Amino acid sequence: MSNDKGTWLITGASSGLGKSISLEALRSGHKVIGTTRDIPNAEATHAEFSAKGGIWLELDPSNKDAYDHFSKCFQKYSVDVLVNNAGYAFIGAVEDTSEEELRDQMEINFYGPLRTVRACLPFMRAKGSGHIILISSGAGFIARPGRGAYSASKFAIEAIHESLAQEVTNFGIKVLIVEPGAFRTPFSSRIITPKQFEAGFSEGYKGTLVENMVTGSRGLKTIPDYFRGDPDKAAREIVKATTSEQKYLRMPLGSDCVAALELKLGILQADLEATRPMATATDID
Ligand SMILES: NC(=O)c1ccc[n+]([C@@H]2O[C@H](COP(=O)([O-])OP(=O)(O)OC[C@H]3O[C@@H](n4cnc5c(N)ncnc54)[C@H](OP(=O)(O)O)[C@@H]3O)[C@@H](O)[C@H]2O)c1
């Protein structure tokens, strides 16, 4: 985007990072459309949004008809910046996760942003400009125990955006993948765990890293100290990134996320060195 004021569409703008990004974009003079599944609730929890000129749109990106609704919205509003933010985390062992639970996770974290992106592209291409921002996660590049489903949804949607960034660069469209670490939002209070196990894990995972992850994540009444991320500061960096030259695809946010990214890069490098002789022995003579 240029320095001109534009129109932003933010999914899941009622709470957490979406709420902060919506306020920062409004403060910067942009027009903002925010989606929520429940406008009366959003009005109650984020009253500043309408008061500052934000426009609510009742829409659930996880519904199969969301593409049509988003398409109508992009016809009505000339959107310059799309922020795919709506999402939740499913935490549970791979073995304990039902196919239905995995599909539900994919509907919002993978198909939701994909529907929105596909609906906006014809309009952004016609304009020859646009910015597509994905709120992914540190879990979008490192898959920890108990986070298989959540990471699968974020890895998969990051792959789509990595490919997309190269496909649309010549159309004047930019893509940014934001990877937050642990930020102080109501995110933890919405974590879902395998419903067939009351404790959130089956007997076999008692005393394992899965139990630690499940019990340390779900139903948290207060935000733990190790959640160091400030959503308002994240919002400032994201809005600023749209006016920069943006010579990167991924933007980790939070020092915990930088450490996780470094850990993963080290693991990838070690795997590569350990397997290089085998890998290079398989080319045809
Ligand atoms: N907070 C963190 O530590 C953290 C870390 C890494 C990544 N993230 C990512 O940041 C994004 C925003 O999370 P947040 O921390 O701001 O959490 P949040 O406060 O819970 O906000 C999530 C938003 O997504 C919408 N949403 C939640 N579940 C949904 C569902 N099943 N279907 C449709 N919409 C749904 C909600 O909108 P309505 O209820 O109004 O529809 C809500 O506004 C997510 O994609 C998350 O994966 C967060």
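Reading the values: rules and limits
- Residues numbered from 1 in each chain as written.
- Predicted model: local features only at pLDDT ≥ 70, side-chain atom pairs only at ≥ 80, totals over all residues.
- Heavy atoms only, no water.
- Core = buried A, V, L, I, M, F, W, Y, C linked by side-chain atoms within 4.5 Å.
- Buried < 20%, exposed > 50% of the residue type's maximum accessible area, 1.4 Å probe, protein only.
- Helix = DSSP H or I, 4+ residues; strand = E, 2+ residues; numbered from the N terminus.
- Contact = heavy atoms within 4.5 Å.
- Polar contact = N/O pair within 3.5 Å; in protein donor to acceptor, adjacent residues only side chain to side chain.
- Near = heavy atom within 4 Å.
- Areas by Shrake-Rupley, 256 points an atom, 1.4 Å probe, with all protein chains shown as cover.
- Axes fitted to C-alpha atoms, helices over the stretch in contact; angles between N-to-C directions.
- Parallel < 35°, antiparallel > 145°, perpendicular 65-115°, else oblique.
- Left-handed = near helix turned anticlockwise from the far one by under 90°.
- Nonpolar A, V, L, I, M, F, W, Y, C, P; charged D, E, K, R; others polar.
- Salt bridge = Lys/Arg side-chain N within 4 Å of Asp/Glu carboxyl O.
- Disulfide = S-S within 2.5 Å.
- Pairing = 2+ DSSP bridges.

Engineer: Describe the nonpolar core, listing the residues and the values that go with them.
Structural biologist: Counting 25 residues, the largest nonpolar core has W8, I21, V83, I133, I135, V178 and I238 as the members making the most contacts within it. Elements with a contribution of two residues or more to this core: β1 (7-10), α1 (16-27), β4 (81-84), β5 (130-135), β6 (173-180), α8 (231-241) and β7 (250-253). Ranked by residues supplied to this core, first place goes to α8 with 5 residues. What V83 contacts, discounting residues up to four positions off in sequence, is W8, L9, I10, T11, I21, I133 and I135. If you look at the next biggest cluster of nonpolar residues, it comprises 21 residues, including Y77, A119, M124 and L164.

Engineer: Could you give me a rundown of the side chain of H30, with the residues and numbers involved?
Structural biologist: Along the chain, H30 falls in the loop between α1 and β2 (31-36). With relative accessibility at 7%, the residue H30 sits in the buried group. Engagement of the side chain of H30 in a polar contact is seen with the backbone nitrogen of G6, the distance being 3.0 Å.

Engineer: Which residues make up unusual backbone geometry, and what values do they have?
Structural biologist: Leaving glycine out, the prevailing phi sign among residues is negative, and the prevailing peptide bond configuration is trans. Not every positive phi belongs to a glycine, and Q246 is a case in point at roughly 45°. Mapping Q246 onto the fold places it in the loop between α8 and β7.

Engineer: So what's going on with the site of the ligand? Residues and values would help.
Structural biologist: Around the ligand lies a shell of 27 residues, among which S14, S15, T36, T185 and R190 are the nearest. S15 places a side-chain nitrogen or oxygen 2.4 Å from an oxygen atom of the ligand. Taking N85, its main chain carries an N or O atom lying 2.7 Å from an oxygen atom of the ligand. Coverage of the ligand by the protein amounts to 94% of the 890 Å² it exposes when considered alone. Going through the elements one at a time, α1 and α6 (148-168) are the ones with two or more residues in the shell around the ligand.

Engineer: Give me the packing of helix α5 (residues 99-127) against α6: which residues, what numbers.
Structural biologist: Two numbers describe a pair of packed helices, the interaxial angle and the distance between the axes. Remark: α5 packs on α6, axes separated minimally by 8 Å, with the N-to-C direction vectors making an angle of 15°. Judged by the angle between their axes, α5 and α6 are roughly parallel. Like other packed secondary-structure pairs, α5 and α6 cross with a definite hand, here right-handed. Of α6, the residues touching α5 (which contributes L102, Q105, M106, N109, F110, P113, L114, V117 and L121) are A149, Y150, A152, S153, K154, A156, I157, I160, H161, L164 and V168. The residue inventory of the contact of α5 with α6, partitioned by class, reads 15 nonpolar, 4 polar and 1 charged.

Engineer: So, the pattern of salt bridges: which residues are in play, and what are the values?
Structural biologist: This structure, assessed with the given rule, holds 13 salt bridges. Between R103 and E99 there is a salt bridge whose closest N-O contact spans 2.7 Å. In this pair, R103 and E99 both sit in helix α5, 4 residues apart, roughly one turn of the helix. Here R103 matches E99 in class, with each residue exposed. The shortest N-O distance in the salt bridge between E245 and K247 comes to 3.6 Å. It is possible to trace a salt-bridge network through shared partners that takes in E158, E162, E179 and R250.

Engineer: Give a detailed account of the state of the cysteines, specifying residues and quantitative values.
Structural biologist: Taken as a whole, this structure holds 0 disulfides when the rule is applied. Free of any disulfide, C120 has its nearest cysteine sulfur in C73, 10 Å distant. C120 sits in the buried class, given a relative accessible area of 1%.

Engineer: Kindly report on the sheet that holds β5, identifying the contributing residues and their values.
Structural biologist: Here 7 strands make up an open sheet; going across it, the order is β3-β2-β1-β4-β5-β6-β7 and the pairing parallel. Two strands lie at the open edges of the sheet, namely β3 (55-58) and β7, each paired on one side alone. Ignoring which end each strand starts from, the neighbouring axes of this sheet average 20° apart. Pairing of β1 with β4, which is carried by 3 bridges, proceeds in the parallel orientation. Looking at β4, one finds that L9 is bridged to L82. Packing against the sheet, helix α4 (residues 66-76) makes contact with β1, β2, β3 and β4, and its axis sits at approximately 165° to β1.

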